[in-house]
Amino acid sequence: MMISLKMFSIKTYLHFLVGSFLVVLVCTFGVSSAVAATLAWNIPGAVITQSANGANFYPRVVVDGSGNTTAVWFAQSGSNTVLFSTTRPAGGSWSAPSTLYSLPAGSGTFFGSSDIAVTPSGEVIVVWTSAENNQSIQYVHSVSKPAGGSWTAVENLTSGTSLADAHVAIDANGNASVIWKFQNGQNFVIQSVSKNSGGSWSSVVDLSQAVGIDTDTPRIVIDSSGSSTATWLQYDTTSFVYSIVSASKSLNGSWTGPTVLATSAQGAYHPGIVVAPNGTVTALWTIYGQNGLLLQSADLPQGGSWSSPVTISNPSNSVYEQQMNVNSNGDIVAIWRTYTNSGGGGTVIQSITRTSGASWNTPVNLSIPNPNGAFGPEVVIDSSGNTTATWGIFDQNYNEVAQTSSKPVGGAWETAIDLIGPGQLSGFLHPSIAVNQNGDVVAICNYRDSQGNYILAAFDAILPVSAPTPTPTPSSSGSGSTPSATPSSQPTIAGSETSTPLAYTGFKLNIPLIFIGLVALLFGLSLTSYRIFRKRSLINEKTDVL
């Protein structure tokens with residue numbers, strides 16, 4: 001059957017044209033396969049502990065492969081300063097805080113940094129530093145808890161006149177390494193101890209040069225074979241050159257290195273390190289460029305050599321407080337704070353991601369510029385690639401406020417929301433964040449309420465059960481990455497708490513239907529143009545005759 005143009009009026013062609021355009025829209029956005037997930041935060045959070053006497057400092061949280069959660073923190077308790085712990089079984093509630101270590105409060109007695117790591121089976125190790133006896137002696141301490149068991153007695157890993165920045169890593173089999181810096185009277189030296197699963201800690205080993213080299217910011221990871229890799233910053237007091245360096249050891253071998261990853265006469269700082277399930281180690285650090293501190297990255301394949309550094313941040317903006325995490329697929333996410341002159345100027349939180357085996361993406365903003373400042377960013381990524389970050393800002397009254405944002409796999413970062421609710425004042429100090437095997441997130445925050453109480457709270461964010469389920473991954477913490485990449489179970493939300501949903505919406509374009517819609521649109525445009533041209537030609541012919 002032949003179709004004649006005379007069968008259709010211009011009005012019909014216009015209807016066809018509009019319909020074709022709608023077909024394109026439907027094919028692009030309506031018929032396409034939507035990727036949606038809703039992350040619902042419990043706000044104002046479940047109270048773990050509260051006190052009118054003093055703040056809770058340096059909380060750290062991890063979750064094991066069965067979903068059991070463990071948190072530790074420092075706090076004032078009467079006349080003592082105490083390292084506390086609490087646990088939450090999968091699907092259960094937080095336990096009452098228990099004391100792991102206690103120091104008499106007073107001049108010259110204090111806790112330093114702490115770190116925590118967990119295996120998928122639930123073995124937990126905590127390390128920390130402390131100054132005692134009016135600072136006349138300092139320690140690196142360790143305490144552990146077997147899966148389903150109780151905390152062991154505290155062990156002194158070493159003692160000296162100046163010890164700081166202790167970090168721990170543990171593999172799925174329970175092999176562990178601890179790293180810290182020690183002042184030997186002339187320079188800061190990087191030291192380490194290790195132990196095999198079920199064994200005892202080794203003697204202390206120096207990883208850096210004892211004379212003429214100062215060091216800082218040690219971090220460590222362990223891969224699935226039990227091999228340890230460490231990074232740190234060193235400064236040559238003779239040549240005045242800063243370097244980011246690395247050293248490695250096999251499970252039962254000796255430390256080799258250090259290997260220099262990058263050098264700068266102006267400065268290089270704050271290395272961080274993660275290890276993927278295939279054994280590839282990735283390091284991040286900042287180094288001075290023409291306009292400020294650049295963020296650089298390098299990789300160490302298992303059994304290979306370090307790659308050349310690449311710059312992954314915007315050269316126009318200095319990078320501070322970078323953190324990094326990796327999931328069971330080897331996908332990596334990094335986060336930091338920087339300053340921008342756009343949007344009125346202020347501090348912003350930025351992030352960058354890298355799919356396993358691919359190159360780094362372009363950095364994106366997670367927050368709007370804040371003229372009063374932002375701080376303390378941390379980030380986790382689950383096995384499906386869903387990413388969640390937390391950080392602190394100073395509001396217009398210079399109160400500290402916790403904020404969070406999340407990004408579904410293949411999607412964009414959501415608008416940031418406050419975790420600290422109405423009536424809750426300053427005190428977002430040193431956050432810690434973890435993610436479980438369902439993609440649910442737990443963040444531990446400290447704040448003060450309107451009555452002046454210091455509160456340590458757990459904020460949980462639940463993914464719907466219809467979302468893809470990530471697989472559990474081993475934890476290798478204490479490495480400059482967030483010690484929380486190991487999954488936990490779905491956290492329990494108190495009945496009095498409310499949930500604030502964050503809706504994620506992305507689309508997978510249906511290419512065949514889009515093509516059909518575009519063909520229909522072009523066909524309609526052609527028919528309409530021809531019909532209008534033909535009608536005008538007939539009018540012109542009639543005019544010429546007249």
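## Concerning the overall build of the protein chain
Part 1 of the reasoning: Helix and strand counts for the protein chain stand at two helices and 34 strands.
Part 2 of the reasoning: The buried share of the protein chain, taken over its 546 residues, is 54%.
Part 3 of the reasoning: Sequence-distant contacts, at least 24 apart, represent 52% of the contacts inside the protein chain between residues at least 6 apart.
Part 4 of the reasoning: For the protein chain, the exposed area adds up to about 23,200 Å²; of that, 55% sits on carbon and sulfur atoms.

## Things to note about the sheet that holds strand E4 (residues 69–77)
Part 1 of the reasoning: Ordered by their spatial adjacency, four strands build an open sheet running E3-E4-E5-E6, and the pairing between neighbours is antiparallel. Taken across any chain shown, the strands that pair with only one partner, and hence form the sheet edges, are strand E3 (56–63) and strand E6 (98–104). Shown here is a sheet whose adjacent strand axes are inclined to one another by a mean of 15°, direction ignored.

## Looking at the packing of aromatic side chains
Part 1 of the reasoning: Tallied over the entire structure, the rule returns ten aromatic pairs.
Part 2 of the reasoning: Taken together, a centroid distance of 6.4 Å and an interplanar angle of 45° make the contact between Phe57 and Tyr58 tilted.
Part 3 of the reasoning: A relative accessible area of 37% places Tyr58 in the partly exposed class.
Part 4 of the reasoning: Ring centres 6.2 Å apart and planes at 80° place the aromatic pair Tyr269 and Tyr288 in the edge-to-face group. Of this pair, Tyr269 sits in strand E19 (residues 268–275) while Tyr288 sits in strand E20 (residues 281–288), placing them 19 residues apart in sequence.
Part 5 of the reasoning: Over the ring of Trp151 we find Lys145, and its NZ or CZ is 5.5 Å from the ring centre.
Part 6 of the reasoning: The ring of Phe188 carries the charged tip of Lys181 above its face, separated from the ring centre by 4.7 Å.

Definitions and limits used
Residues numbered from 1 in each chain as written. Predicted model: local features only at pLDDT ≥ 70, side-chain atom pairs only at ≥ 80, totals over all residues. Heavy atoms only, no water. Helix = DSSP H or I, 4+ residues; strand = E, 2+ residues; numbered from the N terminus. Buried < 20%, exposed > 50% of the residue type's maximum accessible area, 1.4 Å probe, protein only. Contact = heavy atoms within 4.5 Å. Areas by Shrake-Rupley, 256 points an atom, 1.4 Å probe, with all protein chains shown as cover. Pairing = 2+ DSSP bridges. Axes fitted to C-alpha atoms, helices over the stretch in contact; angles between N-to-C directions. Phe/Tyr/Trp six-rings, centres within 6.5 Å; stacked < 30°, edge-to-face > 60°. Lys NZ or Arg CZ within 6 Å of the ring centre and 35° of its normal.

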